[in-house]
Amino acid sequence: ATNRTFTMIKPDAVANGHIGAILNDIIADGFSIVAMKYIQLTKKTAGDFYAVHKERPFYGELVNFMTSGPIVAAILEKDNAVADFRKLIGATNPAEAAEGTIRNKYAKSIDANAVHGSDSNENAEIEGNFFFSQFERF
Ligand code: CMP
(Lines give C-alpha, C1' and ligand atoms only; values in the text may rest on other atoms or scores of the structure.)
Protein backbone atom coordinates (compact mmCIF):
# COMPACT_ATOMS: atom_id res chain seq x y z
CA ALA A 1 0.00 0.00 0.00
CA THR A 2 1.10 3.58 -0.58
CA ASN A 3 2.51 4.97 2.61
CA ARG A 4 4.91 7.49 4.02
CA THR A 5 8.30 7.73 5.64
CA PHE A 6 10.23 10.55 7.28
CA THR A 7 13.80 11.57 6.43
CA MET A 8 16.43 14.11 7.37
CA ILE A 9 19.42 15.03 5.22
CA LYS A 10 21.94 15.40 8.04
CA PRO A 11 24.44 18.26 8.66
CA ASP A 12 27.37 16.39 7.06
CA ALA A 13 25.58 15.84 3.75
CA VAL A 14 24.29 19.42 3.72
CA ALA A 15 27.77 20.84 4.47
CA ASN A 16 29.34 18.63 1.80
CA GLY A 17 26.94 19.92 -0.87
CA HIS A 18 24.91 16.73 -1.32
CA ILE A 19 21.34 18.03 -0.83
CA GLY A 20 20.61 18.10 -4.56
CA ALA A 21 22.16 14.70 -5.34
CA ILE A 22 20.35 13.03 -2.44
CA LEU A 23 16.96 14.53 -3.35
CA ASN A 24 17.59 13.44 -6.93
CA ASP A 25 18.27 9.83 -5.83
CA ILE A 26 15.13 9.89 -3.67
CA ILE A 27 12.89 11.19 -6.48
CA ALA A 28 14.49 8.88 -9.08
CA ASP A 29 13.62 5.94 -6.80
CA GLY A 30 9.92 6.87 -7.08
CA PHE A 31 9.30 8.82 -3.89
CA SER A 32 7.22 11.98 -3.94
CA ILE A 33 7.67 14.83 -1.49
CA VAL A 34 4.74 15.38 0.87
CA ALA A 35 6.47 18.00 3.07
CA MET A 36 9.92 19.56 3.31
CA LYS A 37 11.84 22.20 5.32
CA TYR A 38 15.41 23.47 5.79
CA ILE A 39 16.16 24.13 9.47
CA GLN A 40 18.78 23.91 12.20
CA LEU A 41 17.75 21.80 15.20
CA THR A 42 18.18 23.09 18.75
CA LYS A 43 19.58 20.78 21.48
CA LYS A 44 16.04 20.50 22.85
CA THR A 45 14.49 19.59 19.50
CA ALA A 46 17.21 17.07 18.59
CA GLY A 47 17.15 15.61 22.10
CA ASP A 48 13.38 15.17 21.98
CA PHE A 49 13.43 13.74 18.46
CA TYR A 50 16.02 11.11 19.45
CA ALA A 51 14.60 10.51 22.96
CA VAL A 52 14.30 6.76 22.23
CA HIS A 53 18.12 6.68 22.20
CA LYS A 54 18.51 8.61 25.48
CA GLU A 55 20.17 5.71 27.33
CA ARG A 56 22.49 4.76 24.47
CA PRO A 57 26.19 5.70 24.76
CA PHE A 58 26.10 7.67 21.50
CA TYR A 59 23.15 9.91 22.48
CA GLY A 60 25.21 12.99 23.47
CA GLU A 61 27.36 12.79 20.34
CA LEU A 62 24.24 12.27 18.20
CA VAL A 63 22.53 15.39 19.59
CA ASN A 64 25.72 17.44 19.19
CA PHE A 65 26.19 16.33 15.63
CA MET A 66 22.56 16.82 14.61
CA THR A 67 22.63 20.41 15.89
CA SER A 68 25.97 21.27 14.24
CA GLY A 69 24.42 22.75 11.10
CA PRO A 70 21.24 22.94 9.05
CA ILE A 71 19.33 19.84 7.92
CA VAL A 72 16.58 19.11 5.40
CA ALA A 73 13.56 17.37 6.97
CA ALA A 74 10.97 15.74 4.69
CA ILE A 75 7.98 13.41 4.53
CA LEU A 76 8.13 11.06 1.52
CA GLU A 77 5.43 8.94 -0.10
CA LYS A 78 5.69 5.70 -2.10
CA ASP A 79 4.39 2.12 -1.99
CA ASN A 80 6.17 0.42 0.93
CA ALA A 81 7.88 3.71 1.75
CA VAL A 82 9.60 2.71 5.01
CA ALA A 83 11.21 -0.50 3.73
CA ASP A 84 12.06 0.90 0.28
CA PHE A 85 13.64 3.99 1.77
CA ARG A 86 15.80 1.97 4.15
CA LYS A 87 16.95 -0.07 1.18
CA LEU A 88 17.77 3.12 -0.77
CA ILE A 89 19.84 4.61 2.08
CA GLY A 90 21.69 1.43 3.13
CA ALA A 91 23.03 0.28 6.52
CA THR A 92 23.32 2.77 9.43
CA ASN A 93 27.10 2.37 9.36
CA PRO A 94 28.24 3.61 5.93
CA ALA A 95 31.16 1.12 6.03
CA GLU A 96 28.47 -1.61 5.81
CA ALA A 97 26.14 0.18 3.37
CA ALA A 98 25.64 -1.61 0.03
CA GLU A 99 27.20 -0.22 -3.14
CA GLY A 100 25.09 2.53 -4.72
CA THR A 101 23.10 3.33 -1.56
CA ILE A 102 22.93 6.93 -0.35
CA ARG A 103 25.06 6.23 2.72
CA ASN A 104 27.60 4.33 0.60
CA LYS A 105 27.90 7.29 -1.76
CA TYR A 106 27.66 10.30 0.57
CA ALA A 107 28.39 9.27 4.20
CA LYS A 108 31.64 9.13 6.15
CA SER A 109 30.88 7.66 9.60
CA ILE A 110 28.09 6.15 11.72
CA ASP A 111 27.30 9.60 13.18
CA ALA A 112 27.85 11.55 9.96
CA ASN A 113 25.77 9.06 7.98
CA ALA A 114 24.15 11.55 5.57
CA VAL A 115 20.49 10.66 6.12
CA HIS A 116 17.92 9.43 8.62
CA GLY A 117 15.07 7.11 7.65
CA SER A 118 12.17 5.99 9.84
CA ASP A 119 12.35 2.34 10.98
CA SER A 120 8.59 1.61 11.05
CA ASN A 121 5.25 3.00 9.83
CA GLU A 122 4.42 3.97 13.39
CA ASN A 123 7.67 5.93 13.83
CA ALA A 124 7.29 7.50 10.38
CA GLU A 125 4.00 9.00 11.53
CA ILE A 126 5.39 10.14 14.89
CA GLU A 127 8.49 11.67 13.28
CA GLY A 128 6.55 13.41 10.49
CA ASN A 129 4.15 14.86 13.06
CA PHE A 130 7.11 16.10 15.13
CA PHE A 131 8.21 18.40 12.27
CA PHE A 132 5.13 19.18 10.17
CA SER A 133 1.58 20.44 10.72
CA GLN A 134 -1.39 19.39 8.61
CA PHE A 135 -1.00 22.64 6.61
CA GLU A 136 2.54 21.73 5.55
CA ARG A 137 1.70 18.39 3.86
CA PHE A 138 0.77 18.16 0.18
P1 CMP B 1 19.60 7.53 12.63
O2 CMP B 1 18.87 6.67 11.66
O3 CMP B 1 19.42 8.99 12.46
O4 CMP B 1 19.18 7.13 14.12
C5 CMP B 1 20.04 7.29 15.22
C6 CMP B 1 21.43 7.65 14.83
O7 CMP B 1 22.43 7.44 15.82
C8 CMP B 1 21.88 6.80 13.67
O9 CMP B 1 21.18 7.19 12.51
C10 CMP B 1 23.39 7.04 13.67
O11 CMP B 1 23.74 8.18 12.90
C12 CMP B 1 23.68 7.36 15.14
N13 CMP B 1 24.52 6.34 15.78
C14 CMP B 1 25.74 6.54 16.30
N15 CMP B 1 26.23 5.41 16.82
C16 CMP B 1 25.31 4.44 16.62
C17 CMP B 1 25.23 3.05 16.93
N18 CMP B 1 26.22 2.41 17.56
N19 CMP B 1 24.10 2.37 16.55
C20 CMP B 1 23.08 3.02 15.94
N21 CMP B 1 23.10 4.33 15.63
C22 CMP B 1 24.19 5.04 15.96
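Looking up the protein in an unreviewed UniProt entry gives the name Nucleoside diphosphate kinase, with the organism given as Sphingobacterium haloxyli. Quoted verbatim from the Cofactor (unreviewed entry) heading of the UniProt record, the comment on the protein is "Mg(2+)". Under the Subunit (unreviewed entry) heading, UniProt states for the protein: "Homotetramer."

The full set of residues close to the ligand is His-53, Phe-58, Leu-62, Thr-92, Ile-110, Asp-111, Asn-113 and His-116. Class assignment for the residues of the shell around the ligand results in three nonpolar, four polar and one charged.

Quick look at unusual backbone geometry now. Even without being a glycine, Asn-80 presents a positive backbone phi close to 50°. Topologically, Asn-80 is positioned in the loop between strand E3 (71–79) and helix H5 (81–89). When the 13 C-beta atoms within 10 Å are taken as the criterion, Asn-80 is described as partly exposed. Here Ala-114, not a glycine, exhibits a phi torsion of approximately 75°, which is positive. Its place among the elements puts Ala-114 in the loop between helix H6 (102–106) and strand E4 (115–117).

Turning to the UniProt feature "binding site: ATP" (unreviewed entry) in the protein, a few remarks are in order. Feature annotation in UniProt places "binding site: ATP" (unreviewed entry) on Lys-10, Phe-58, Arg-86, Thr-92, Arg-103 and Asn-113, given in this structure's numbering. For Lys-10, the location among the structural elements is in the loop between strand E1 (2–9) and helix H1 (11–15). What makes Lys-10 buried here is the crowd of 25 C-beta atoms within 10 Å. Contact partners of Lys-10, with chain neighbours within four places excluded, come to Met-66, Ile-71, Ala-112, Asn-113, Ala-114, Val-115 and His-116. Tracing the backbone through its elements, the reader meets Asn-113 in the loop between H6 and E4. Residues contacting Asn-113, with those up to four places away along its chain left out, are Lys-10, Thr-92, Pro-94, Arg-103 and Ala-107.

Right, let's get into the nonpolar core. In this structure, Ile-9, Ala-13, Ile-22, Leu-76, Ile-102 and Val-115 are the most contacted members of the largest nonpolar core, which totals 28 residues. Not counting chain neighbours up to four residues away, the residues in contact with Leu-76 comprise Arg-4, Thr-5, Thr-7, Ile-26, Phe-31, Ile-33, Val-34, Ala-81 and Phe-85.

Right, let's talk about H5 for a bit. Residues of H5 that are buried: Ala-81, Val-82, Phe-85, Leu-88 and Ile-89. An end-on view of H5 places all buried positions within 125° of arc, on one side of the element. One or two residues past the end of H5 sits Gly-90, with phi positive at roughly 85°.

Calculation notes
- Residues numbered from 1 in each chain as written.
- Predicted model: local features only at pLDDT ≥ 70, side-chain atom pairs only at ≥ 80, totals over all residues.
- UniProt positions renumbered as here; feature names shortened; annotations may be inferred.
- Near = placed C-beta within 6 Å.
- Nonpolar A, V, L, I, M, F, W, Y, C, P; charged D, E, K, R; others polar.
- Helix = DSSP H or I, 4+ residues; strand = E, 2+ residues; numbered from the N terminus.
- Buried ≥ 20, exposed ≤ 12 C-beta atoms within 10 Å, placed from the backbone.
- Contact = placed C-beta atoms within 7 Å.
- Core = buried A, V, L, I, M, F, W, Y, C linked by C-beta atoms within 7 Å.
- Arc of directions from axis to C-beta.

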